[in-house]
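Topology and contacts: notes
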Amino acid sequence: MSGTSYDAIDAAAAGLSLVGDSVVLEPLGMLSTPYDEELREALAAALPPAATTLAEVCRLDTLIGQAFAAAAVRANDELCGGRAELVASHGQTVYHWVEGGAVRGTLQLGQPAWIAEATGLPVVADFRPRDIAAGGQGAPLVSLVDLLWLRGRPGTPVALNLGGIANLTAPDGTAFDTGPACALIDAAARGFSGGRLDHDAEGALAARGTVHEPLLERLLSEPYYALPAPKTTGKELFHLGYLQDALAGLGTLPAEDVIATLTLLTARTVANALRPLAPTEVIASGGGTRNPVLMTLLATELPGVPVRTSDDLGLPSPAKEAYAFAVLGFLTAHGLPGTIPTSTGARHPSVLGSMTPGPPTVERGPVRLVLG
């Protein structure tokens, strides 16, 4: 998969089996393949609020599919010894259509036919639309895996993913996107550096900055934060143009101050969303966990609540979402539901995704059609 930061394709390999009422996951490793810079720039140029064309969408669908195929081949060779049986591909989200507080559709690019052709394996892809068709938000889908994984832990453990967008899952099935995690921080890093930086590495810029309170107050007034769950959002809302609008009339602010403010914005909005759930521990994963400034601010905003990473529980934080989609693909292959309605708002659980078959099982198919 590639997340909303669209910096690389993460491939996690897992041995999966059903034992009684449990899914047993054996982590086999993860590798990350950076997007080719030309493809990454083309993807960035086509994302909202920019305009694009159907020709460019078609081109990106093919190029991203080929890039995912190369990552899948590499993962099978290096992590599975060539013995993989199934590929689950989330693809690259390019648009999440939200209107009047309801999700109307979603689009992930990365044509799975390229993956099936390159690997010779069946591919489960296009996970989100089925949940949307059932009245859900199409997100967060990782919530099912979080619930299965954290079931039985004492107290009220809450799983938190800090990718481009932050989302959480509580033991009662409550799950939603809280708002930006790294999306605005990354946008500011790219904007202020003229594209030289794509993120605030280890929070170095935020650590040198001072929070600008008027900007923080303006950002916290975003109506999304007050919407009830379930809810979902993405970079179609939280992007560089959004940040530039928020900065209007505030004068020229140092990049470090803006990024320090955005880092606190993430920590505060995540903490505000967590607090009503009364968590006894927060288990975080995703790229945001590699930002020590963000993690320290989050712990400060949640006094008395342990904030740890999924690594502490044996699941590598950078790979957790990729492992989650491996589980979802495994469930689909077995005809099992991959959603929890309390998490996505759907009318019922659904078997997710579409299957692109592997190679034919016979060398030659039928040779004639007979009308009966």
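For the structure, check the block above.
What you see is a predicted model; the values in this text were computed from it and never measured.

1. Points about the environment of Arg268
Tracing the sequence through the fold places Arg268 in helix H10 (residues 255-274). Of the residues examined, Arg268 reaches a relative accessible area of 26% and is grouped as partly exposed. Residues Arg268 and Glu301, 33 residues apart in the sequence, show an inter-C-alpha distance of 6.4 Å. In contact with Arg268, other than residues within four places in its own chain, are Leu216, Leu220 and Glu301.

2. Details of the packing of helix H8 (residues 213-220) against helix H9 (residues 240-247)
The axes of two packed helices give the description: the angle between them and the distance between them. Running from N to C, H8 and H9 point in directions that differ by 125°, and their axes come no closer than 10 Å. The angle between the axes of H8 and H9 places the two elements in the oblique class. In terms of crossing hand, the pair formed by H8 and H9 is right-handed. Of the residues in H9, those in contact with Leu215, Arg218 and Leu219 of H8 are Tyr242, Asp245, Ala246 and Leu247. The class makeup of the residues in the contact of H8 with H9 is 5 nonpolar, no polar and 2 charged.

3. Overview of unusual backbone geometry
Both trends apply: most residues other than glycine have a negative phi, and most peptide bonds are in trans. Across the junction of Pro48 and Pro49, the peptide omega takes the value 10°, indicating a cis bond. Looking at where Pro49 falls in the secondary structure, it is placed in the loop between helix H1 (37-46) and helix H2 (54-79). Omega for the bond connecting Ala229 with Pro230 falls within 30 degrees of zero, at 0°, which places this linkage in the cis form. One non-glycine residue, Glu202, lies in the positive phi region at around 55°. Mapped onto the elements of the fold, Glu202 is located in the loop between helix H6 (183-193) and helix H7 (204-208). Take Glu202: its relative accessible area is 64%, and that puts it in the exposed class. For Ala278, which is not glycine, the phi dihedral falls at a positive 50°. With respect to the helices, strands and loops of the structure, Ala278 is situated in the loop between H10 and strand S10 (281-285).

4. Here we look at the sheet that holds strand S7 (residues 157-162)
Pairing is mixed across the open sheet formed by 5 strands, whose spatial order is S9-S8-S7-S10-S11. On the outer flanks of this sheet lie strand S9 (175-180) and strand S11 (307-309), each paired with one strand and no other. Each strand of the sheet is rotated relative to its neighbour by a mean of 25°, with strand direction disregarded. Bridging between S7 and strand S8 (residues 165-169) involves 4 bridges; their strand directions are antiparallel. Looking across to S8, one finds that Leu162 is bridged to Ala166. Contacts from H10 reach S7, S8, S9 and S10, with the element oriented near 155° to S9.

Conventions used here
- Residues numbered from 1 in each chain as written.
- Predicted model: local features only at pLDDT ≥ 70, side-chain atom pairs only at ≥ 80, totals over all residues.
- Heavy atoms only, no water.
- Helix = DSSP H or I, 4+ residues; strand = E, 2+ residues; numbered from the N terminus.
- Buried < 20%, exposed > 50% of the residue type's maximum accessible area, 1.4 Å probe, protein only.
- Contact = heavy atoms within 4.5 Å.
- Axes fitted to C-alpha atoms, helices over the stretch in contact; angles between N-to-C directions.
- Parallel < 35°, antiparallel > 145°, perpendicular 65-115°, else oblique.
- Left-handed = near helix turned anticlockwise from the far one by under 90°.
- Nonpolar A, V, L, I, M, F, W, Y, C, P; charged D, E, K, R; others polar.
- Pairing = 2+ DSSP bridges.

Limitation: the analysis is restricted to geometry and does not speak to function.
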